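For reference, the chains in residue letters:
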Amino acid sequence: MALTGIAARNAAECKKDSKRILTALLAGTAMTMVATPAWAQAEDTAETAEENVIVVSGIRSSLASALAEKREAVSLVEIIQAEDIGKLPDQNLAEVLENVTGVQITRTAGVGTGVQIRGTNDNRTAINGVSTLSSGTGRGGINFEDINAAIIASVEVIKAPTAKDIEGAVGGTINLRTIRPLDLTDRLASIRVQGEYSELSDSISPRISASFGDVWDVGAGEIGIVVSGSYSKQEATSFRPRVDRDTVILGGAAVTAAGAPGPNFPFLGIQFLNQELENFEYENYNFAGTLEWAPSDNLKLFFDAIVSDQTRTQDSSRIQASGVSSLRFNNVPDAFETVNFGSLDGVALGSIEAAQIGSIQPNLARDDDDPNLRFSSDTGARVTDNQVYRFGGEWESGRFSVRAEASRSTSNTTNPNLSTTLNFINPNPLTPLDGSSNDNSVPFRYDLSGGSLTFGVDFDSPFAPTVDQLLDPNNTVLDAVTASNNRTENAENAFRIDTTLDLEGLTSFFTSFDLGYRYNKTSTDFTQLRSTFGTGAIANSPSGSTFADLIVPGPSNFGDFDGRELAFRNFVLIDPNRAFSERDAVFATLQGALDATPGGQARIAAGGRLLSDLDVNAPSNLGASFDINETTNSVYGQMNFQSGPVRGNIGLRWVSTTIDSFGNNVANGVVTPVMSRGSYQEFLPRVNVVADLTDDLVLRASYTEDINRPDFDDLSLSVSFPTGPNNAVELGNPNLAPETVQSFDASLSWYFAPSSVLSVGFFHKKRTNLFVTQVEDAFEDANGFRDITDPCEQGGFFNPVPDRNVLSPVLGNGLCVPLETIVNDTASTKQTGIEVAFQYDLSQFEDTLGFASGFGIIANYTYQKFSGGQATNENSGRGEDIFQAINAGIAVPVTRVQGLLDFSPHAYNVTLYYEKYGLSARARYTWRDAFRTLDTAGGASLNSTLGFPAVTESRGQLNASITYDVTDYLNIGVEGVNLMKDKITQSCVNSSALLCFQGLPDRRITFGASLSF
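J.: Give a detailed account of the nonpolar core, specifying residues and quantitative values.
T.: Judged by nonpolar contacts, the single largest core of 43 residues is most densely connected at Ile 270, Leu 373, Phe 375 and Phe 547. By residue number, the principal contributor to this core is helix α5 (residues 583-595), which donates five residues. With sequence-adjacent residues up to four places away left out, Phe 547 is seen in contact with Leu 422, Leu 478, Pro 542, Ile 574, Thr 589, Leu 590 and Ala 593.

J.: Lay out the environment of Gln 356 with the relevant residues and their values.
T.: Secondary-structure assignment places Gln 356 in strand β19 (residues 351-360). A sequence separation of 94 residues divides Gln 356 from Gly 450, and the C-alpha atoms of the two residues are 9.8 Å apart. Those residues within four positions of Gln 356 in sequence are excluded, and the remaining contacts are Ala 335, Phe 336, Glu 337, Tyr 446, Asp 447, Leu 448 and Ser 449.

J.: Describe the pattern of salt bridges, naming the residues involved and giving the relevant values.
T.: For the structure on display, the rule yields 52 salt bridges. As a salt-bridge pair, Arg 709 and Glu 630 come within 3.9 Å of each other at their nearest N and O atoms. Of this pair, Arg 709 sits in the loop between β32 (697-708) and β33 (719-720) while Glu 630 is found in strand β29 (residues 626-643), placing the two residues 79 residues apart along the sequence. The two residues Arg 709 and Glu 630 agree in class, both being buried.

J.: Quick one: what's the story with the packing of aromatic side chains, residue by residue and with numbers?
T.: Tallied over the full model, the rule gives 24 aromatic pairs. Between Tyr 231 and Tyr 285, the aromatic rings sit 4.9 Å apart at their centres with planes inclined by 50°, giving tilted as the arrangement. With Tyr 231 in strand β11 (residues 222-244) and Tyr 285 in strand β14 (residues 272-296), this residue pair connects regions lying 54 residues apart in the sequence. One cation-aromatic arrangement involves Arg 928 over Phe 931; the distance from NZ or CZ to the ring centre is 3.9 Å.

J.: Mind laying out the confidence of the model for the chain, listing which residues take part and the relevant values?
T.: Averaged over all residues, the pLDDT of the chain equals 88, while 92% of them reach at least 70. Note that residues 1-57 has pLDDT below 50 and, in this model, 235 contacts with residues that lie over four places away or in other chains.

J.: How would you sum up the state of the cysteines? Please name residues and give values.
T.: In total, this model carries two disulfides according to the counting rule given. Note that Cys 792 is cross-linked by a disulfide to Cys 816, the S-S spacing being 2.0 Å. Judged by the sign of its S-S torsion, about -100°, the cystine formed by Cys 792 and Cys 816 is left-handed. Taken together, the positions of Cys 792 in the loop between β37 (771-776) and β38 (797-803) and Cys 816 in strand β39 (residues 813-817) put the pair 24 residues apart, joining distant regions of the chain. Across the pair, exposure class does not vary: Cys 792 and Cys 816 are buried alike.

J.: Go over the pairing of strand β8 (residues 173-177) with me, naming the residues and quoting the values.
T.: Extensive coverage of β8 is indicated by the burial of five of its five residues. The alternating pattern of β8 places Thr 173, Asn 175 and Arg 177 and Ile 174 and Leu 176 on opposite faces, both of which are buried. As judged from the four bridges shared by strand β5 (residues 124-127) and β8, these two strands associate in the parallel manner. When the sheet's bridge partners are listed, Arg 124 is paired in β8 with Thr 173. Here strand β7 (residues 154-160) pairs with β8 via five bridges, running antiparallel. Paired with Val 157 across the strands is Ile 174, a residue of β8.

J.: Go over the pairing of strand β50 (residues 970-977) with me, naming the residues and quoting the values.
T.: Pairing of strand β49 (residues 955-965) with β50 involves six bridges; the strand directions are antiparallel. If you follow Asp 965 over to β50, its bridge partner there is Asn 971. With antiparallel pairing between neighbouring strands as the criterion, β49 and β50 make up a hairpin whose turn holds four residues. By the bridge criterion, eight bridges tie β50 to strand β53 (residues 1004-1012) in an arrangement that is antiparallel. Counterpart to Ile 972 in the pairing with β53 is Ala 1009.

J.: Summarise the sheet that holds β37; cite the residues concerned and give the values.
T.: What holds strands together in a sheet is hydrogen bonding between their backbones, with the strands either parallel or antiparallel. The four strands are arranged β33-β34-β40-β37 in an open sheet whose pairing can be described as mixed. Each end of this open sheet is capped by a strand with a single partner; those strands are β33 and β37. Both β37 and strand β40 (residues 819-824) contribute to a ladder of six bridges, which runs antiparallel. Looking across to β40, one finds that Gln 774 is bridged to Thr 821.

Criteria and thresholds
- Residues numbered from 1 in each chain as written.
- Predicted model: local features only at pLDDT ≥ 70, side-chain atom pairs only at ≥ 80, totals over all residues.
- Heavy atoms only, no water.
- Core = buried A, V, L, I, M, F, W, Y, C linked by side-chain atoms within 4.5 Å.
- Buried < 20%, exposed > 50% of the residue type's maximum accessible area, 1.4 Å probe, protein only.
- Helix = DSSP H or I, 4+ residues; strand = E, 2+ residues; numbered from the N terminus.
- Contact = heavy atoms within 4.5 Å.
- Salt bridge = Lys/Arg side-chain N within 4 Å of Asp/Glu carboxyl O.
- Phe/Tyr/Trp six-rings, centres within 6.5 Å; stacked < 30°, edge-to-face > 60°.
- Lys NZ or Arg CZ within 6 Å of the ring centre and 35° of its normal.
- pLDDT = per-residue confidence, 0-100.
- Disulfide = S-S within 2.5 Å.
- Pairing = 2+ DSSP bridges.

This is how it looks when you write it as structure tokens:
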């Protein structure tokens, strides 16, 4: 059974002379939930149902209840409720939200991690109305993979806020609600045990959750308690191949590996091959507890505690074919494909041939150590402790009621990491060492036909090593080490008081007046603790034989997703398990191996080490660390009204914010503290209106304003240097102003049959001060070389960390890299959309349809359009070369208005469910249109995607579940995620243009049983 219903926005609008009606005891039925469009009104995002609660059971009853809420409420809110308490339709909260109209999600290794509401990532996440904090330095709130859906009773998405709702969201606020004890009249006790099978990792992970709740009459009123806890493990694997074809070879400029003339037309050659295997293991402890005491009919006190402790370990590998572009003039492809880049902002880019099938053979006369093979192990973790506490009370006397609440949210995260790269030294006699660089030539073969990025070692080449040689630690040298244990500490302390004056009977139009105040202080403290070094030269590179006990064979299952034969399957890595569990010992072993090299001995003699110890006071760490404090005071007033068929509210929220940013400036090794202060004030009017046009037709309209604050790291005064030579240095901008958002909403809902609705909604948003990314590219000369001295006069920013690799003829570390920063767009942007929702239930035809009356359908569709803005992305240097090779007269740089990342114009999902005779089943197909993103494979940057965010092509996914009530107390079931093994495809520049990346995510099956007693 399910807890349903929401208290009316104004407590004075409802008489509190009846007892709260209970939420029914868990029946252990389907592990499914209702996902229905509901335009609901809540007294506060922190409030759960207290009045007019409808007791329901099963999917159909929950749908009917949600429709009743929609007809009675004002504020635009969509709700998902568990059919059983704490049993959402999916195991992951992001995947739960994918059921909601206007919501799309993004995934990491197939697991839902990001949520876009109406095309934007800029949303708030709260628990029982209390703000939550992210594990990093962002604003969105708690990571969705950190909260087990088993402790959540319902989820609401507030799209059109009222004046009393907390500011800070563009698309909406996601409020996760736990069970309220005083809504119970029977004891609640349940336990659920499950296992999740991950196909690609071939593992089964346990999940267990339990809930207990009861209410006691203690003489001095009622006391209720609910506690829910869960423990879960999960392993998620995804394969992500990457191919960079961003090097243009002009007609007649290349020859085949055998020396025959190449084509007389320009083409895109292979510049980089990267085989990435993402593997994440999650271990999560969750607890939610609530104590409520009502000593009298007009007084209630409450205390909530939500604690989440998650460890997400990463055991990923990247196998790289590097230095490939050095042989671009000596390896003509065997087959080409025509790539049409389409147009950008009205400029036709044209078409060019691109390498599709071929091999890359060494040519010692041109380059004596390329192409080369590198084995990277990305081993680290995110260890996060989230805590949310809320204490408060409600009191009512006559026409006046007051509610006061104090809360504290914290999120403390450490990121232990030890990532390494081994270079393979090919012992084939045809590829002798050159005595200086720490790599050696290896031949490769690639086949990019059929929409797949497949590549591997060309074992048919006379230059090829054997499998045994590839797996021999003696044929490797240590190329790079990054060790870190960064720390992020986030906290928010808040206090709010909300009052209501009942005006019913005093005026003919206004029913009540709300007045409130909120104070909050939010802080983020980021401390970098990192040491990194890339060896580059053979004199600094210890042989794998000196630490052979740390080296193990890498995973060989890269082809398991689609059966591909061409892949890197034979390689070695620093043992990822030991790198995580014995990080200090492994670090010491690698440091000792580096110390023993000629370069290491020379560095020690000069008073240093190739790889330094982790030191929080090192200038590079102090220069990247920062501390930001933000204080906000807000006041609101809101009039609630009703006259005949029209009801609603009109209010104003005033917000005043002050920000102090502390960081460090490092110049010539000298650290100087720096500080910046800023402040702003905003008035946010909000209006919501509902008109009951007929018994079955309801019109709703809203006008609201909100703000979107910049992420804390975007305000930082500090600088962190990435380890890759193509990764941009990100500089903060403490002068960022908050975005302002004006939103218009209107909808018409037709309740054409019992438990059925057809709803059409329209929304329009105008955003000013949009946050946009600006990139200054690093200049490359005709040979593809970069400046290696500071400052970078011709563009970019000097990064002293990366190995120069093929970007300079001079071996060593440090070169100019792209510079990236966030600014406010000087022009406003507009976003317009239509949302359509449909729900139909055949239960009304039970007498005529029999068993078929158990079927029902829920569907929704969203269309949205983005326009405006002046800030642009522009082509990188390599992109400019390509576009000019296609059309010499094209105006450069080629630009495109940035728009919104992760924004899909079209999206829909359809759920078909069946519930009858103890059987509950559902199948949901979700589809979203193509969108631009910075989430790419293998550390790709804007430079390697030709200057523009990559396009993730349109994709659908099928999830399904089926459960059965064995008895009134026992339920068994199974759920599948990504049943059709739908892959992810990403293109560069435009949709269906240049295939750059793929994602091959896991199929996961969860099975288990629920017991209530």
